Amino acid sequence: RLFASVASDTAAESELPQTRLDFKKETRKWIWEGHKIFHEVTKPNAETDLGPVLLLHGFGCSTTYWRATVATLADAGYTVYAIDLLGLGQSAKPSEVYYSINLWARMIDDYAQEIISVEDAGGLKDGVIMIGNSIGSLIALAAAAEI
């Protein structure tokens, strides 16, 4: 029965509208407090940019977690920023750092100020939409209190 269910789910997915994948994705490194931080920026090809969205993954994950979400948001017209938190994903994993929500929130606040505000035409005057999964949602709340 499990295999029949998987087969029927696959068939249903093929009937869903396909994302256009009409956007530009860049992978980058950002130096934060002496550590290399991996992040991706995906910009829509749309005439109108609906603004920045910052995606924060959960513990033990990386930007890869968001691949379908990035495509959907960029296709809708948002500039999407996805970042690997310090100590996770492709970012540096220093052993001398005390990892905490406050550390990651400070990192996200600095990222918004140094990267997103510089690239966003609005200069963050309209804010940043932050979406977090698991511990990423707690980091988003803590960072929002800082921004």
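See above for the structure.
How each quantity is defined
- Residues numbered from 1 in each chain as written.
- Predicted model: local features only at pLDDT ≥ 70, side-chain atom pairs only at ≥ 80, totals over all residues.
- Heavy atoms only, no water.
- Helix = DSSP H or I, 4+ residues; strand = E, 2+ residues; numbered from the N terminus.
- Buried < 20%, exposed > 50% of the residue type's maximum accessible area, 1.4 Å probe, protein only.
- Contact = heavy atoms within 4.5 Å.
- Areas by Shrake-Rupley, 256 points an atom, 1.4 Å probe, with all protein chains shown as cover.
- Pairing = 2+ DSSP bridges.
- Salt bridge = Lys/Arg side-chain N within 4 Å of Asp/Glu carboxyl O.

## A closer look at the overall build of the protein chain
Thinking step 1. A count of helices and strands for the protein chain gives four helices and five strands.
Thinking step 2. Element order for the protein chain, N to C, with α for helix and β for strand: α-β-β-β-α-β-α-β-α.
Thinking step 3. Considering the protein chain as a whole, with its 147 residues, one finds that 39% of them fall into the buried category.
Thinking step 4. Taking as baseline every contact in the protein chain between residues at least 6 positions apart, the subset at least 24 positions apart corresponds to 67%.
Thinking step 5. About 8400 Å² of surface is accessible on the protein chain, with carbon and sulfur atoms providing 53% of the total.

## Observations concerning the side chain of Thr79
Thinking step 1. By the element assignment, Thr79 lies in strand E4 (residues 79-83).
Thinking step 2. Those residues within four positions of Thr79 in sequence are excluded, and the remaining contacts are Val41, Thr42, Lys43, Pro44, Asp49, Gly51, Pro52 and Val53.

## A look at helix H2 (residues 67-76)
Thinking step 1. Looking only at H2, the buried set comprises Val70, Ala71, Leu73, Ala74 and Asp75.
Thinking step 2. Looking at the residues trailing H2, positive phi occurs at Gly77, about 115°.

## Some points on the pairing of E4
Thinking step 1. Most of E4 sits out of view: five of its five residues are buried.
Thinking step 2. Of the strand pairs in this sheet, strand E2 (residues 35-44) and E4 are connected by four bridges, and their pairing is antiparallel. In the sheet register, Glu40 faces E4, and the bridge partner there is Ala82.
Thinking step 3. In terms of strand pairing, strand E3 (residues 52-56) meets E4 through five bridges, oriented parallel. In the sheet register, Val53 faces E4, and the bridge partner there is Val80.

## Details of unusual backbone geometry
In terms of backbone geometry, most residues other than glycine have negative phi values and most peptide bonds are trans.
Thinking step 1. Even without a glycine there, the phi angle at Glu33 is positive, about 50°.
Thinking step 2. Following the sequence through the fold, Glu33 ends up in the loop between strand E1 (23-32) and E2.
Thinking step 3. Its relative accessible area of 48% is what places Glu33 among the partly exposed residues.
Thinking step 4. Backbone geometry places Ser134, a non-glycine residue, at a positive phi of 55°.
Thinking step 5. Its place among the elements puts Ser134 in the loop between strand E5 (129-132) and helix H4 (135-146).

## Focus on the pattern of salt bridges
Two side chains carrying opposite charge are able to pair once their charged atoms lie near each other.
Thinking step 1. Scanning the entire structure with this criterion turns up one salt bridge.
Thinking step 2. When the shortest N-O distance is used, the salt bridge between Glu33 and Arg106 registers 2.9 Å. With a gap of 73 residues between them, Glu33 in the loop between E1 and E2 and Arg106 in helix H3 (residues 101-119) connect regions that are remote in the sequence.
Thinking step 3. We classify Arg106 as partly exposed; its relative accessible area is 36%.

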